[in-house]
Amino acid sequence: MKTIRIFLVSICLYLLMQGECLAQSSVVGSFPAAAVENSLVRYENNHIVVYSERGDQGYFHLLQNITNGAPVRSIDLPQGLSVKDFKILDGQVYFVGKKFSDDDGAKANYKAAFGFFDIHDVFYSGGIVSYSEMSDYAGSGYTLNFTSLNKMEVYVYAGVSHIVAVGELNDPRGDALTGNLTTYLMDIRIVPGDTVFYNDFISSGTGFGLGVFFDVALTDNYVVSMAHKGVPYDLSVGGYMMAMSFERNASPLLSVLAGYKDYNNINGSMMAVGMRGDNFAVTYSTNMPMGSYNQQQEIALFQIGSSGSITHTNTYQLPPLYGMAYRSYYEMDYNHATTQLCELSNSTLSNIREVGVTVPGFASIDKVSFLDFTANSLCSTNTASLLVSGKKTSSSDLYMAKIVVPVVASKCISRSSRPFTSTGVGISSKDLTSSDFHYSTLIPHTPNLVIDIFSVHCQD
């Protein structure tokens, strides 16, 4: 078994209080585990849950603290199940991804998958992980194959859990121009005790009429889907942003409340996150002028009204980064303790992933890269801090960092502060669409539990 070293770096904020500052601190530790690739990290109520994988085998790890000798519990997933995103809600882990499948005998493929488990039940009481492979959808003379679920949010309404996610599917009605691949938005209803799940979904269409779905965000009362409308197979070509709002209720996708379009030469991918109330933020890049290799990152702020209408309140733009065809954005989160936004993107010409943290008021954004590893995932905590996971290219170690925000200089990170400028608002419109009905079946998995010991190697 390979050893994973989880490096947890706590960088304390310098607080100017009558001329005195609080000192910085860091903790470095490791524990044995079996996988280091494609890590994801999430946090809720002092639970730190990390996903990692090796080949077609995935694992979840539970870290409750980072003191020397603390136990680290790890479970395995069914072979071939790859998790692309997960959230923790009320002690339950909900995840989405894809599962390797060759059940048709003629071709090997992936099926979209989702699942859930109780943290205490699985890590302490021998409980099961429940998951489901997405069955095909039979339309009128055609069949849709759901191949992945990539990004998700989760909420509970009237005792029913709703995973709202975006993913990819194969549609045989595609043509030579668009191909068969397209994207979709799905609401998965998980009723306690049921083994069949009923889902509504909206396809972006073979011509990507609704754009390429990249992310979904959750506010207090609404669900928002984010898509890029342009040339679907060439993200370097500028297009525009498309958003749709849905009520956060028992059947959110049955009615589109409002649509929004922003014609601003947007290219690459985009990520979104809900903020306080019914506000949300989106980060993306603009291609200025269209067709050039001059990339400017933007963070746009929106508010959803009582009828679901989407209002663009402001946009903040970084100086251009020349010579880059487009940027990729991987994750975005919001820290309620500090009202700060954080995001993960390939923000340099060398494709090094950087963590971006904005200060309240959006005067600037701190871009942070780590000296010892490349970041792969981030999440906020319920304090003024965020967690980052990743790995070193030349090592089998899996790294994590805990950063106190706002970010300060540290021997553990490379940091630069970049100013924002404000830009104008976009164009609002409504896109009408309808959802289709689908179902999938529960599969139980009893994981193997491994308990290791966390070892602190360095602490100051």
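Placed above this text is the structure.
Structure report, in brief. (Residues numbered from 1 in each chain as written. Predicted model: local features only at pLDDT ≥ 70, side-chain atom pairs only at ≥ 80, totals over all residues. Heavy atoms only, no water.)

## Brief notes about the environment of Leu63
Defined as follows: Put simply, DSSP marks the helices as runs of H or I at least four residues long and the strands as runs of E at least two long, and each gets a number from the N terminus on.
Topologically, Leu63 is positioned in strand S6 (residues 57–63). Considered as a pair, Leu63 and Val49 are 14 residues apart in the sequence and their alpha carbons are 6.3 Å apart.

## Considering empty space enclosed by the protein
Condition: Whether a set of points on the 1 Å grid over the protein atoms alone is a cavity depends on a 1.4 Å probe fitting there but being unable to get out, while an open set qualifies as a pocket with protein on both sides within 12 Å along at least five of seven lines; lining residues are those with an atom within 4 Å of a point. Grid points are joined across faces, edges and corners, and a volume is the space filled by probe spheres set on the points. By the convention adopted, Pro, Cys, Tyr, Trp, Phe, Met, Ile, Leu, Val and Ala count as nonpolar, Lys, Arg, Asp and Glu as charged, and the other residues, Gly among them, as polar.
Under the definition given, this model contains 1 cavity of 30 Å³ or more. Roughly 30 Å³ of internal volume is contained in the largest cavity. In terms of lining residues, the largest cavity is bounded by Leu210, Phe213, Ser225, Ala227, Met242, Ala243 and Met244. Counting residues per element, the lining of the largest cavity draws most heavily on strand S19 (residues 239–247), at 3 residues. Looking at the lining of the largest cavity, its residues break down into 6 nonpolar, 1 polar and no charged.

## Section: the side chain of His61
Short version of the rule: Throughout this description, buried means an accessible area under 20% of the type-specific maximum (1.4 Å probe, protein chains only), exposed means over 50%, and partly exposed covers the range between. Here a polar contact is taken to be a pair of N or O atoms separated by no more than 3.5 Å, where protein atoms must pair a possible hydrogen donor with a possible acceptor and residues adjacent in sequence count only if both atoms sit in side chains.
Position of His61 relative to the elements: it lies in strand S6. A relative accessible area of 1% means that His61 is categorised as buried. Here Ser52 takes part through its side chain, which lies 2.9 Å from a polar atom of the side chain of His61. Within the structure, the side chain of His61 is placed 2.8 Å from the side chain of Ser74, a separation counted as a polar contact.

## Some points on the environment of Ser440
For the record, the criterion: Residues count as neighbours in contact if any of their non-hydrogen atoms are within 4.5 Å of one another.
Mapped onto the fold, Ser440 is located in strand S35 (residues 436–441). Since its relative accessible area comes to 1%, Ser440 is described here as buried. Put simply, Ser440 and Asp136 are 304 residues apart on the chain and 9.0 Å apart in space, counted from C-alpha to C-alpha. Ignoring anything within four residues of it in the chain, the contact list for Ser440 reads Phe114, Ser132, Glu133, Met134, Ser135, Thr195, Val196, Phe197 and Asn199. A distance of 3.5 Å separates a polar atom in the side chain of Ser440 from a polar atom in the side chain of Ser132. Reaching out from Ser440, the side chain makes a polar contact with the side chain of Asn199 at a distance of 3.5 Å.

## Concerning the environment of Leu387
Along the chain, Leu387 turns up in strand S30 (residues 385–391). Remark: the alpha-carbon pair of Leu387 and Ile403, spanning 16 residues in sequence, is separated by 6.4 Å. Those residues in contact with Leu387, other than ones at most four positions away along the chain, are Val41, Tyr43, Ile48, Ser377, Leu378, Cys379, Thr381, Ala401 and Lys402.

## Considerations on the layout of surface pockets
By rolling a water-sized probe across the atoms, one finds the places where empty space is left. Considered as a void within the structure, the largest pocket measures approximately 980 Å³ in volume. For the largest pocket, the lining is made up of 35 residues, of which Lys87, Ile88, Glu153, Asp333 and His336 are closest to its centre. Contributions of two or more residues to the lining of the largest pocket are made by strand S4 (37–44), strand S8 (81–89), strand S13 (143–157), strand S17 (212–218), strand S20 (258–274), strand S25 (329–335) and strand S29 (374–380). Top element by residues in the lining of the largest pocket is S13. It accounts for 6 residues. Partitioned by chemical class, the residues of the lining of the largest pocket number 17 nonpolar, 7 polar and 11 charged. Of the pockets and cavities examined, the second largest pocket occupies roughly 850 Å³.

## Comments concerning the nonpolar core
Stated formally: The definition of a nonpolar core used throughout is a set of buried Ala, Val, Leu, Ile, Met, Phe, Trp, Tyr and Cys residues joined through side-chain atoms within 4.5 Å.
Core analysis: the biggest nonpolar cluster contains 22 residues, and Phe114, Met134, Phe146, Leu149, Ile163, Tyr184 and Ile188 have the highest contact counts within it. Within the residue set of this core, elements represented by two or more residues are strand S9 (92–101), strand S10 (109–118), S13, strand S14 (160–170), strand S15 (181–190) and strand S16 (196–203). Counting residues per element, this core draws most heavily on S13, at 5 residues. Contacts of Ile163, omitting those with residues within four sequence positions, involve Tyr94, Phe95, Val96, Phe114, Gly115, Met152, Glu153, Val154, Met186, Asp187, Ile188 and Ile190. By size, the runner-up hydrophobic cluster in this structure holds 21 residues, among which are Ala217, Met226, Leu235 and Phe302.

## Concerning unusual backbone geometry
Across the junction of Val405 and Pro406, the peptide omega takes the value 0°, indicating a cis bond. Take Pro406: it is sitting in the loop between strand S31 (398–404) and strand S32 (413–419). Notably, Asp90 is not glycine yet its phi reads approximately 55°, a positive angle. Of note, Asp90 is situated in the loop between S8 and S9. Taking relative accessible area as the criterion, Asp90 reaches 63% and is therefore assigned exposed.

## Re the sheet that holds S9
Rules: Note: two strands are recorded as paired if DSSP finds a minimum of 2 bridges between them. Under this scheme, a helix contributes an axis fitted over its contacting stretch, all axes are lines through C-alpha atoms, and angles between N-to-C directions fall in the 0 to 180 degree range.
Spatially, 5 strands are ordered S8-S9-S10-S11-S36 in an open sheet, and the strand pairing comes out antiparallel. Both edges of this open sheet fall to S8 and strand S36 (443–445), since each of them pairs with a single strand only. Mean inter-strand twist for the sheet, computed between neighbouring axes without regard to direction, equals 25°. Across 8 bridges, the pairing between S8 and S9 is antiparallel. Along S9, the bridge assignment pairs Lys87 with Tyr94.

These figures capture arrangement, not role.
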